[in-house]
Structures are given as structure tokens and as C-alpha cells.
Amino acid sequence: SDGPLLLILRSVYRLGRNPMYVGLFALSLAGVLATGSPLALAFTAVAAAVHHRIVLAEEAFLRARFGAAWDRYAAEVRRYL
């Protein structure tokens, strides 16, 4: 059934599949810009790489769980923005 898919496409998830990670990265980047700290930049880069791998694992799970419905959603909505 596409019922849950329609609900998703009417929420923030219609703009990007991972709004939580986009928000986390934006806040981290704001911290880097506010402090100008190279250490904060390094931590932000590592955190972004780790979270991207988490996103890829989550997407593999969702593809296995929801099949064609997930593929349609993923084709229509970008991963981040």
C-alpha cells in the first residue's frame, strides 16, 4: 500500500529523506563558523562521514523492507536536500 508513502510526501520528508541529519550537520557547521576552530571543523567532517555511512545502512534496510515503494520514494526525493 502507498498510504504511508503519501503521508511521508506531505511532510518535511518530501524535501529530503534525512532532515535530522541535515539539521545536525547545519548546526555543526554553524558551530564551526562561529568558533573558527580547525578542531571543530575536523570533528564536523568526521561526524558527517560517519552519519553518511549510517544513512547508507538505513537506506539498505529500507530498500530490503519496503522494496518498490522505497525505490519510488528514493527516486522522487533527494537523500539530503
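Above this text is the structure in question.
Numbering of residues starts from 1 in each chain and follows the order in which that chain's sequence is written. Local features in this predicted model are restricted to residues whose pLDDT is 70 or higher, and side-chain atom pairs enter the listing and the counts only when it is 80 or higher, whereas totals over whole chains, interfaces and linings include all residues. To get the side-chain values, take all heavy atoms of the structure and skip hydrogens and water.

Let's talk about the pattern of salt bridges
The term salt bridge refers to a pairing of a side-chain nitrogen on Lys or Arg with a carboxyl oxygen on Asp or Glu at a separation within 4 Å. What the rule picks out here adds up to 3 salt bridges. With a closest N to O distance of 2.8 Å, Arg79 and Glu59 form a salt bridge. Highlighted residues: Arg79 in the segment after α4 (68–76) and Glu59 in helix α3 (residues 38–66), separated in sequence by 20 residues. Only protein chains enter the accessibility calculation, which uses a 1.4 Å probe; a residue whose area is less than 20% of its type maximum is buried, one above 50% is exposed, and one in between is partly exposed. Given a relative accessible area of 29%, Arg79 falls into the partly exposed group. When the shortest N-O distance is used, the salt bridge between Arg63 and Asp71 registers 3.2 Å. For Asp71, a relative accessible area of 38% corresponds to the partly exposed category. Three or more residues are tied together by salt bridges with common partners; here these are Arg17, Glu59 and Arg79. Working definition: helices are DSSP H or I runs of at least four residues, strands are E runs of at least two. Numbering for both runs from the N terminus.

Examining helix α2 (residues 19–35)
The span expected for a helix works out to 1.5 Å for each residue beyond the first. With 17 residues, α2 should cover 24 Å at 1.5 Å per step; its first-to-last C-alpha distance of 24 Å lies within 8% of that length. One or two residues past the end of α2 sits Gly36, with phi positive at roughly 65°.

Focus on α3
Counted at 1.5 Å a residue, the expected span for α3 with its 29 residues is 42 Å, and the 41 Å between its end C-alpha atoms agrees. Three or more residues of α3 are buried, namely Thr44, Val55 and Glu59. Pairs of residues are marked as contacts when any of their non-hydrogen atoms sit within 4.5 Å. Buried-residue contacts for α3 involve α2 and α4. Pairs of N or O atoms are called polar contacts if they sit within 3.5 Å, as long as, within protein, a hydrogen donor faces a hydrogen acceptor (for residues adjacent in sequence, only side-chain-to-side-chain pairs). For α3, the N-terminal capping position is held by Ser37, with its side-chain oxygen 3.2 Å away from the main-chain nitrogen of Leu39.

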